[in-house]
Amino acid sequence: MSKKKEVVMHRHYGAIDIGSNAARLLIKRFDKVNGEISCSKELLLRVPLRLGFDVFGNGSISKDNEKRLMHLVKSYMHLMKIYGVKQYIACATSALRDATNGKSIVKRIKDKTGFVIHIINGEQEARGIYNNHAERSEKGNYMYVDVGGGSTEVSMISNGNLICSNSYNIGTIRILNNVVRNEEWDRLKKDILDLAGMYSGINIIGSGGNINKLYRLIESRDKKRQRITVKSLSDICNVMANMSVYDRVYTFGIKYDRADVIVPAGSIFLAIAELIKAEYIYVPTIGLSDGMINVLFQKDMMKLHKRYKDDDKDLNADIDDEDFDEDDKEKTLLEELNNDELKDEKNDSDGNNVLVKNEQTGESDVNNDTPNDDDKNK
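In this text, all values refer to a predicted model and were calculated from it rather than measured experimentally.

How each quantity is defined
Residues numbered from 1 in each chain as written. Predicted model: local features only at pLDDT ≥ 70, side-chain atom pairs only at ≥ 80, totals over all residues. Heavy atoms only, no water. Phe/Tyr/Trp six-rings, centres within 6.5 Å; stacked < 30°, edge-to-face > 60°. Helix = DSSP H or I, 4+ residues; strand = E, 2+ residues; numbered from the N terminus. Buried < 20%, exposed > 50% of the residue type's maximum accessible area, 1.4 Å probe, protein only. Lys NZ or Arg CZ within 6 Å of the ring centre and 35° of its normal. Pairing = 2+ DSSP bridges. Core = buried A, V, L, I, M, F, W, Y, C linked by side-chain atoms within 4.5 Å. Contact = heavy atoms within 4.5 Å. Expected span 1.5 Å × (residues − 1). Arc of directions from axis to C-beta. Salt bridge = Lys/Arg side-chain N within 4 Å of Asp/Glu carboxyl O. Axes fitted to C-alpha atoms, helices over the stretch in contact; angles between N-to-C directions.

Draft legend 1. Quick look at the packing of aromatic side chains. One pass over the full model with this rule turns up four aromatic pairs. Each ring, one from Tyr 13 and one from Phe 30, has its centre 5.6 Å from the other, and the planes form 85°; the classification is edge-to-face. With a gap of 17 residues between them, Tyr 13 in strand E1 (residues 9-18) and Phe 30 in strand E2 (residues 23-33) connect regions that are remote in the sequence. Taking the relative accessible area as the measure of exposure, Tyr 13 reaches 0% and is therefore buried. On the numbers, 5.9 Å between centres and 45° between planes, the contact of Tyr 246 with Tyr 256 is tilted. Residue Tyr 246 is found in helix H10 (residues 245-252), and its partner Tyr 256 is found in helix H11 (residues 256-259); the two are separated by 10 residues along the sequence. Residue class for Tyr 256 comes out partly exposed when judged on its relative accessible area of 43%. In this arrangement the basic side chain of Arg 221 is found over the ring face of Tyr 215, its NZ or CZ atom lying 5.7 Å from the centre. Between Arg 227 and the ring centre of Tyr 280, over which it is positioned, the NZ or CZ distance is 3.6 Å.

Structure representation (structure tokens):
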């Protein structure tokens, strides 16, 4: 009896992360041939919408920024169509989550374009980021810290197991606007110290555009292990703190929309590092967009293998869109990403309690199809 050949697959996935500082489109291509899976990053596009300056200053998103967001969504839809993206996820985090008009803006975008944006909560955001966690299979204790413009997500990982995930309304733009409440700092400090008391030798895994940029600016970085010492981070942050934003731009060659938030971001990492007595910060340049795409791919592969196992199909054939039935995808993705507390809310009329939803519908311009989020700042 001849041995069955493996599935041959060429498929593109997209993820859009609309944060407090920037909105990013990430497109990845996955190939599976003869059992070997490879992933290539096709596109990463970051646009600094800076919605957080509206929300954390005035409580809502301005008409001008709503128009910019609408234009951006349409542009991203066209780019996904050009790249042949078959399935995508679009999530919004702290800014749209806290804006008084956030849900109404998301609804208007859906009504005009067919494009669905899911406003996710802090815990979902932390879990989404963890889905791309590079160190999950390694022994040891790690604190995964993702610093954005509106919030900081912290996940505790011990010997590859996710212990807990928490979100705090402490972000770079909130700090610049002086709107972080003392109670929120106190809550973060208590939670971190509690974890430090239960787990020893914790080091940090850093996520976000600011820590990625700081990592590249530190000459003493360990490129092989992708890490920096906490001391080296403290040294460069002290230098930057004594500079104007314009001096940071010209001295370090960073963009203006990065130069003003980079020091507050560094201060958050340093505060957590001090609490857990961390020696190193690992910077694998991954983020929410990567995690969202990985979930899409993993769930599709699980379902695909089951379908090809149950059906007598030619495993030499390329995977067709019909092999990714929308109802099945919706079900498996919800099972993967919605925690127990959110399952009862998945039919919310706005759809805002759902982390992932397939958008291969007739409404959209895209027939629903990555560089790492290397320049990520929410």
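Read on, since the account is not over.
Draft legend 2. The arrangement of the pairing of strand E6 (residues 141-147) in detail. Of all seven residues in E6, seven are buried, a share of seventy percent or more. Here E6 shows a buried face lined by Asn 141, Met 143, Val 145 and Val 147 and a second buried face lined by Tyr 142, Tyr 144 and Asp 146. Bridge count for E6 against strand E7 (residues 152-158) is seven bridges, and the pairing is antiparallel. Of the residues in E7, the one forming a bridge with Asp 146 is Glu 153. The antiparallel hairpin formed by E6 and E7 contains four residues in its connecting segment.

Draft legend 3. Examining the pairing of strand E3 (residues 36-47) more closely. Bridging between E2 and E3 involves 11 bridges; their strand directions are antiparallel. Each bridged residue has a counterpart across the sheet, and for Val 33 the counterpart in E3 is Glu 36.

Draft legend 4. Just the nonpolar core, in detail. Among the nonpolar cores identified, the biggest contains 39 residues, and Met 143, Ile 204, Leu 233 and Ile 281 are the most heavily contacted of them. Those elements that place two or more of their residues in this core are E6, E7, helix H7 (182-198), helix H8 (209-217), helix H9 (230-241) and helix H12 (262-276). In terms of residue count, H12 provides more of this core than any other element does, 10 residues in total. Not counting residues within four places of it along the chain, the set of residues in contact with Ile 281 comprises Ile 204, Gly 206, Ile 211, Gln 226, Arg 227, Ile 228, Val 230, Leu 233 and Phe 269. Formed by 33 residues, the second largest nonpolar core is a distinct cluster that contains Ile 18, Ala 23, Met 77 and Ile 119.

Draft legend 5. Up close: helix H4 (residues 102-113). Between the first and last C-alpha of H4 there are 17 Å, a value that for 12 residues agrees with the 16 Å anticipated at 1.5 Å per step. Turning to H4, its buried residues number three or more, namely Gly 102, Ile 105, Val 106, Ile 109 and Thr 113. For H4, the arc enclosing every buried residue in end-on projection is 100°, short of the 170-degree limit, so these residues lie on one face. Close packing links the buried residues of H4 with helix H2 (63-82), helix H3 (94-98) and strand E5 (118-119).

Draft legend 6. How the structure looks around the pattern of salt bridges. The tally for this structure, following the rule as stated, stands at 12 salt bridges. Across the pair Asp 260 and Arg 50 runs a salt bridge whose closest N-O atoms are separated by 3.0 Å. Taken together, the residues span a long stretch of sequence, with Asp 260 in the loop between H11 and H12 and Arg 50 in the loop between E3 and helix H1 (51-58) at a distance of 210 residues. The exposure class assigned to Asp 260 is buried, which follows from its relative accessible area of 9%. Using a relative accessible area of 15% as the deciding quantity, one classes Arg 50 as buried. A salt bridge links Lys 190 to Asp 194; the shortest N-O distance between them is 3.0 Å. Here the residue Lys 190 and the residue Asp 194 both occupy positions in helix H7, the gap between them amounting to four residues, near one helical turn. With a relative accessible area of 52%, Lys 190 lands in the exposed category. When its relative accessible area of 38% is taken as the criterion, Asp 194 is described as partly exposed.

Draft legend 7. Examining unusual backbone geometry more closely. Phi angles above zero are rare outside glycine, and Arg 50 is one such case at about 60°. The backbone of Asn 178 shows a phi angle near 55°, a positive value even though the residue is not glycine. By the secondary structure assignment, Asn 178 is in the loop between helix H6 (172-176) and H7.

Draft legend 8. Representation of the sheet that holds strand E11 (residues 280-282). Pairing within the open sheet is mixed, and its six strands lie in the order E8-E7-E6-E9-E11-E10. Two strands bound the open sheet, and with one partner strand each, they are strand E8 (161-168) and strand E10 (227-229). Along the sheet, successive strands turn relative to each other by an average axial angle of 25°, direction set aside. Relative to E8, E7 runs antiparallel, the two sharing seven bridges.

Geometric values such as these leave the question of function open.
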